[in-house]
Amino acid sequence: MPPAAADFPLPSETLSLVHTVAEVREAVHAARLRGEKVGVVPTMGALHSGHLSLATSAREECGFVIVTIFVNPSQFGPGEDFEKYPRMLERDLAACRRVGVDLVFVPSAAEIYPDGFRTQVEVTGISNVLEGACRPGHFSGVTTIVLKLLNIVQADSAWFGRKDYQQQVLIRRMCLDLNVPTVIRTCPTVREADGLALSSRNAYLDGEQRESALALSRALKLARDMLVRGETSVERVRQAMRELLEATPRVVVDYVTVAHPETLEELEEPLPEMVALVAARVDSTRLIDNLPVRLPSAPGDRSS
Ligand code: PAF
């Protein structure tokens, strides 16, 4: 079993809950006057051990740690789960307290998108493949809210999970392209003992659906094993992943791929470093997962 939220030590003495941009800015200003580094973990709430591992990592490096909780409507498409997305503020605040978060920013939609709001941020190209192809408009919602949150908080560093692989690639690109000074940090996916990647959406799964959901991480492990053992056809790897998923009851595949770790271009031949990605629906719950793959270096190869 992965560590439960309750297992995290370090009770924080005081946790502030604020709702406005002005309050966050004031708290960050005060932290800077105290000489503290500021870290932020943007989230949509329903915090699990994956989120808390990001906050713990921020805690280790920063004197002042902020978690933002905002279920961002503009990154959900029509018919997606915006309305039913889990909202559990009291539980989230207790978890933040346990890992020593200093401040939780929970803005209203009007605070973030006041009347007259017109701007959208788009990272071209890589926003339109994989998740972007399945969820049109999703990533412009993500990059717009993330840039806003980074501008509001003006932290030294911001932490994101590698579970949303494409999202963190896009956020890094956006920050590089737009000279955002906040350093983007990513932490590995946290998994249950049986391999299921932690996700707030796992809350939608009943026992049988959860069993079916394990096919995602199994398909990724299969891809990694085939590649590490020397499979040279990425197409055969994709085919094997797809067959494993399609043989699982309740699972409908959106995509399986093995891609370049930065450009996310689908590969035909293995690279020394790649990423295998999968998206599938388990009945009505859409899940994503990924696994970085690194090939063992050839004997005598000193390049890696
Ligand atoms: O990963 C998430 O939870 C969201 O996409 C984020 C980065 C908080 C933006 O709403």
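Nothing here was measured: the structure is a model prediction, and the numbers come from that model. (Residues numbered from 1 in each chain as written. Predicted model: local features only at pLDDT ≥ 70, side-chain atom pairs only at ≥ 80, totals over all residues. Heavy atoms only, no water.)

**Digging into the pattern of salt bridges**
Oppositely charged side chains are able to pair whenever their charged atoms sit close together.
Right, so step 1: Under the defined criterion, the tally for this structure stands at 19 salt bridges.
Right, so step 2: Between Asp254 and Arg281 there is a salt bridge; the shortest N-O distance is 3.0 Å. Of the two residues, Asp254 is situated in strand S7 (residues 251-259) and Arg281 in strand S8 (residues 273-282); the sequence distance between them amounts to 27 residues.
Right, so step 3: For Arg281, a relative accessible area of 32% puts it in the partly exposed group.
Right, so step 4: One salt-bridge network, in which partners are shared between bridges, spans Glu131, Asp254, Arg281 and Arg286. (Salt bridge = Lys/Arg side-chain N within 4 Å of Asp/Glu carboxyl O. Helix = DSSP H or I, 4+ residues; strand = E, 2+ residues; numbered from the N terminus. Buried < 20%, exposed > 50% of the residue type's maximum accessible area, 1.4 Å probe, protein only.)

**Considerations on the confidence of the model for the protein**
Right, so step 1: The share of residues in the protein with pLDDT of 70 or more is 93%, and the mean pLDDT across the chain is 95.
Right, so step 2: Per-residue pLDDT stays below 50 along residues 1-11; that stretch engages in 28 contacts with residues further than four places along the chain or on separate chains. (pLDDT = per-residue confidence, 0-100. Contact = heavy atoms within 4.5 Å.)

**Topic: empty space enclosed by the protein**
Right, so step 1: Evaluation of the coordinates by the stated rule reveals 1 cavity of 30 Å³ or more.
Right, so step 2: Space inside the largest cavity adds up to approximately 70 Å³.
Right, so step 3: Along the walls of the largest cavity sit Lys163, Leu196, Ala197, Ser199, Asn202, Ala213, Leu216, Ser217, Leu287, Ile288 and Asp289, which together make up its complete lining.
Right, so step 4: Only helix H8 (207-228) and strand S9 (285-294) provide two or more residues apiece to the lining of the largest cavity. (1 Å grid on protein atoms, 1.4 Å probe; cavity = no way out; pocket = protein on both sides within 12 Å on 5 of 7 lines; lining within 4 Å. Points joined across faces, edges and corners; volume = space filled by probe spheres on them.)

**Observations concerning the sheet that holds S9**
Right, so step 1: With antiparallel pairing, 3 strands are arranged side by side in an open sheet as S7-S8-S9. Only two strands of the sheet have a single neighbouring strand rather than two, namely S7 and S9. Strand-to-strand, the axes of this sheet are offset by a mean angle of 10°, without reference to chain direction.
Right, so step 2: Docked against the sheet, helix H9 (residues 234-246) engages S7 and S8, running at close to 160° with respect to S7. (Pairing = 2+ DSSP bridges. Axes fitted to C-alpha atoms, helices over the stretch in contact; angles between N-to-C directions.)

**So, the nonpolar core**
Right, so step 1: With 46 residues, the main nonpolar core has Val24, Val38, Ile66, Phe105, Val146, Leu150 and Val153 as its most contacted residues.
Right, so step 2: Not counting residues up to four positions away in its chain, the partners in contact with Val24 are Val18, Ile66, Phe105, Ile152 and Val153.
Right, so step 3: Val253, Val258, Leu267 and Leu287 belong to the second largest nonpolar core, which has 29 residues in total. (Core = buried A, V, L, I, M, F, W, Y, C linked by side-chain atoms within 4.5 Å.)

**Regarding the site of the ligand**
Right, so step 1: As a matter of local geometry, the ligand sits amid Pro42, Thr43, Met44, Gln75, Ile145, Val146, Phe160, Asp164 and Gln167.
Right, so step 2: Within the contact set of the ligand, an oxygen atom lies 2.6 Å away from a side-chain nitrogen or oxygen of Gln75.
Right, so step 3: Here an oxygen atom of the ligand sits 2.7 Å away from a polar atom, N or O, in the side chain of Gln167.
Right, so step 4: When the ligand is considered free in solution it has 290 Å² of accessible area, and contact with the protein chains removes 89% of it.
Right, so step 5: Broken down by secondary-structure element, the contributors of at least two residues to the shell around the ligand are strand S2 (38-43) and helix H6 (138-153).
Right, so step 6: Grouping the constituent residues of the shell around the ligand by class yields 5 nonpolar, 3 polar and 1 charged. (Near = heavy atom within 4 Å. Polar contact = N/O pair within 3.5 Å; in protein donor to acceptor, adjacent residues only side chain to side chain. Areas by Shrake-Rupley, 256 points an atom, 1.4 Å probe, with all protein chains shown as cover. Nonpolar A, V, L, I, M, F, W, Y, C, P; charged D, E, K, R; others polar.)

**Considering H9**
Right, so step 1: Helix length check: H9, at 13 residues, gives a terminal C-alpha distance of 18 Å against a target of 18 Å (1.5 Å per residue), a fit within 8%.
Right, so step 2: Of all the residues in H9, the buried ones are Val234, Val237, Arg238, Ala240, Met241 and Leu245. All buried residues of H9 lie within an arc of 160° about the axis, which places them on one face of the element. (Expected span 1.5 Å × (residues − 1). Arc of directions from axis to C-beta.)

**Topic: the pairing of strand S6 (residues 183-187)**
Right, so step 1: Bridge count between strand S5 (residues 157-161) and S6: 5 bridges; the pairing is parallel. Its bridge partner lying in S6, Phe160 is registered against Thr186.
Right, so step 2: Handedness of the crossover is the feature at issue here: the chain leaves S5, passes through helix H7 (residues 165-177), returns alongside S6, and the resulting connection is right-handed. (Right-handed = clockwise from strand over helix to strand, strands pointing away.)

**Brief notes about the sheet that holds strand S3 (residues 64-69)**
Right, so step 1: Taking strand neighbours across the sheet as the criterion, the 6 strands line up as S1-S4-S3-S2-S5-S6 in an open arrangement whose pairing is parallel. Since the sheet does not close on itself, it has two edges, and those belong to strand S1 (16-18) and S6, each with one partner. Averaged over all neighbouring strand pairs, the angle between strand axes comes to 25°, with direction disregarded.
Right, so step 2: The sheet contact formed by S2 and S5 spans 2 bridges and is parallel. Residue Gly39 lies in a different strand from S5, and its bridge partner there is Ser157.

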